[in-house]
Amino acid sequence: MTDDAPAPPSGLRALLPDLAPWRASQDFRRLWYAGLISNFGSFLTFVALPVQLKDLTGSAAAVGAIGAVELIPLLVFGLYGGALADAWDKRKLIVWTEVGQGVLSAALLLNALLPHPAVWPLYVVAALSSALVSVQRPALDSLWPRIVAHDHLPAAASLNSFRWTVGGVAGPALAGVVVAYAGLGWAYGADLLTFAVSVVLVARIAASPASHEAAKPSLKAIAEGARYAWSRKELLGTYAVDLAAMFLAMPLALLPFLADELDARWSLGLMYASVPLGALLVSLMSGWTSRVHRHGRMVVLSAALWGVAIAAAGVMDDVWLVLLFLTVAGGCDMVSGIFRGAMWNQTIPDELRGRLAGIELLSYSVGPTVGQVRAGGFAAWWGVRTSVWSGGLLCAGAVGLLALCLPRLMAYDVRTDEHAARLRERRTAAAPTPMEA
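Residues numbered from 1 in each chain as written. Predicted model: local features only at pLDDT ≥ 70, side-chain atom pairs only at ≥ 80, totals over all residues. Heavy atoms only, no water.

A. Just the nonpolar core, in detail. Ranked by size, the top nonpolar core spans 76 residues in total, and within it Y188, L255, M271, W306 and L326 carry the most contacts. A total of 11 residues in this core trace back to one element, the largest contributor, which is helix α13 (residues 319-345). Grouped together as the second largest cluster of nonpolar side chains are 24 residues, L31, I94, W144 and V202 included. (Core = buried A, V, L, I, M, F, W, Y, C linked by side-chain atoms within 4.5 Å. Buried < 20%, exposed > 50% of the residue type's maximum accessible area, 1.4 Å probe, protein only. Helix = DSSP H or I, 4+ residues; strand = E, 2+ residues; numbered from the N terminus.)

Okay, structure coming up:
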């Protein structure tokens, strides 16, 4: 370090989030606000839809089946959405998929207002929403590296995680009250309003056309992205670890039934909010993440601890201890997410970013989606509590086994990784000089 280099923050400042991306990029701020608002509404529906299914069917398997109907659109449109993100204007993709989500919220609202709401529209909307998310997320994830400086990407990941968790805490907590006292229609109506506001904000960011090197959307382009991912075993490791953790230890579909078993239906909104609350607490103290360089080890450790915390929540008889361990699990998941995002954003070239974001989408979405089916099936066979704690233990074991099988993931260091160095050089060379700016 040179004499005139700024000293690293110390004390409490070292824990606070790094606001450098927020200060440097107006588009980052607009996209951040849009995500905060739409996520808030989406979490209202996230709670309201399984509660409505539970009330209409009384079946844990029926609620878990939401994951089954979301799976095929996720698999198909996740990969193709990544190819679209590389070949089309990313801003337009985000805007139009937000419009589509608003239309689906309107459909849920209309169904909820019927004298006898039908079950089948809930599954149809879940499937269509999964398709839209699968198209939007690669475009969104591949847009961040374009609007944020390379060295600010870990801080941007933390701030984005903070944005998500604010909605994740407030949305479910409020949804529990709204659904119980005002009705499902109010939750779906609020979600519709948030999408409208989000569209206005996203439409104001700068256009983000395809790079000159990007391939047109096709099976060949998707295969090219898959070959690149296969060549990067440390990236494959992040996908595999997250997939195992979410498939084996995602208990959200069971929370309405767990609250009933604990004779604490009042706690349902708090249960849904606990995982995001843990993530929020980590985000508020995420300054330390910018000073960690061995990202792969942090991904593995935090995923294993997520499983242990979920297992603990499954064996507790006191609802407050259940809430505590769900909160701890959420914090562990946030740590894993921050370092996965840093590895992806700091090493994947721009012309492949959308397609790799599509693969990332599958890794962190297929797991929870199929995990709902697993959790519902286990609960139907062996009981709700057994489904929760056994999934947590299986998660911890699977992550430990993956760590042994993936030495490149455990050895990853952003200071010495060749892909991170190459991308840093490319972005530095492409940055405008002071005269050009």
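B. Here's a closer look at helix α7 (residues 184-202). Helix length check: α7, at 19 residues, gives a terminal C-alpha distance of 28 Å against a target of 27 Å (1.5 Å per residue), a fit within 8%. Within the sequence span of α7, burial applies to L184, G185, A187, Y188, D191, T194, F195, S198, V199, L201 and V202. (Expected span 1.5 Å × (residues − 1).)

C. Representation of helix α11 (residues 268-284) within the structure. Spanning 17 residues, α11 covers 24 Å between terminal C-alpha atoms, matching the ideal 24 Å at 1.5 Å per step. Along its length, α11 shows its largest kink, about 35 degrees, at S274, and proline P276 lies within four residues downstream of that point. (Bend = angle between axes of the 7 residues up to and from the residue.)

D. Fine view of empty space enclosed by the protein. Counted by the stated rule, this structure contains 4 cavities of 30 Å³ or more. Estimates place the volume of the second largest cavity at around 40 Å³. In terms of lining residues, the second largest cavity is bounded by V241, D242, A245, M246, S302, A303, W306, C332, D333, S336 and R340. The set of elements that each furnish at least two residues to the lining of the second largest cavity consists of α9 (233-249), α12 (295-315) and α13. Split into classes, the residues belonging to the lining of the second largest cavity amount to 6 nonpolar, 2 polar and 3 charged. (1 Å grid on protein atoms, 1.4 Å probe; cavity = no way out; pocket = protein on both sides within 12 Å on 5 of 7 lines; lining within 4 Å. Points joined across faces, edges and corners; volume = space filled by probe spheres on them. Nonpolar A, V, L, I, M, F, W, Y, C, P; charged D, E, K, R; others polar.)

E. Geometry of the side chain of H295. Mapped onto the elements of the fold, H295 is located in helix α12. At 3.0 Å, the side chain of H295 and the backbone oxygen of V292 are in polar contact. Leaving out residues up to four positions away in the same chain, H295 has contacts with F339, A342, M343, Q346, Y412 and V414. (Polar contact = N/O pair within 3.5 Å; in protein donor to acceptor, adjacent residues only side chain to side chain. Contact = heavy atoms within 4.5 Å.)

F. Local environment of the pattern of salt bridges. Following the criterion strictly, the structure yields 9 salt bridges and no others. R30 is the salt-bridge partner of D27, the closest N and O atoms lying 3.9 Å from each other. Of the two residues, D27 and R30 are both situated in helix α2 (residues 26-57); the distance of 3 residues between them amounts to about one turn of the helix. Neither residue differs from the other here; D27 and R30 are each classed as buried. Residue D260 is joined to K54 by a salt bridge in which the shortest nitrogen-to-oxygen separation is 3.3 Å. With D260 in helix α10 (residues 255-261) and K54 in helix α2, the pair connects residues that are 206 residues apart, well separated along the chain. Classification of D260 by relative accessible area gives partly exposed; the value is 36%. Judged by relative accessible area, K54 falls into the buried class, the value being 14%. In this structure, a network of salt bridges that share partners links the residues R232, E234 and R408. (Salt bridge = Lys/Arg side-chain N within 4 Å of Asp/Glu carboxyl O.)

G. Expanded view of the packing of α2 against α7. One can describe the packing of α2 onto α7 by two numbers: an axis separation of 8 Å at closest approach and a directional angle of 160 degrees. Put simply, α2 runs roughly antiparallel to α7. For the pair α2 and α7, the crossing hand works out as left-handed. (Axes fitted to C-alpha atoms, helices over the stretch in contact; angles between N-to-C directions. Parallel < 35°, antiparallel > 145°, perpendicular 65-115°, else oblique. Left-handed = near helix turned anticlockwise from the far one by under 90°.)

H. Examining the confidence of the model for the protein chain more closely. On average, residues of the protein chain carry a pLDDT of 82, and 92% of them reach 70 or more. Here residues 1-7 is modelled with pLDDT under 50, and outside its nearest four sequence neighbours on either side it reaches 2 contacts, counting other chains as well. Here residues 433-437 is a poorly scored stretch, pLDDT under 50, and it has 1 contact once near neighbours within four places are set aside; other chains count. (pLDDT = per-residue confidence, 0-100.)

I. Inspection of the environment of V319 at higher detail. On the secondary structure map, V319 appears in helix α13. For V319, a relative accessible area of 10% corresponds to the buried category. Among residues more than four places away in sequence, those in contact with V319 are L262, A264, W266, S267 and M271.

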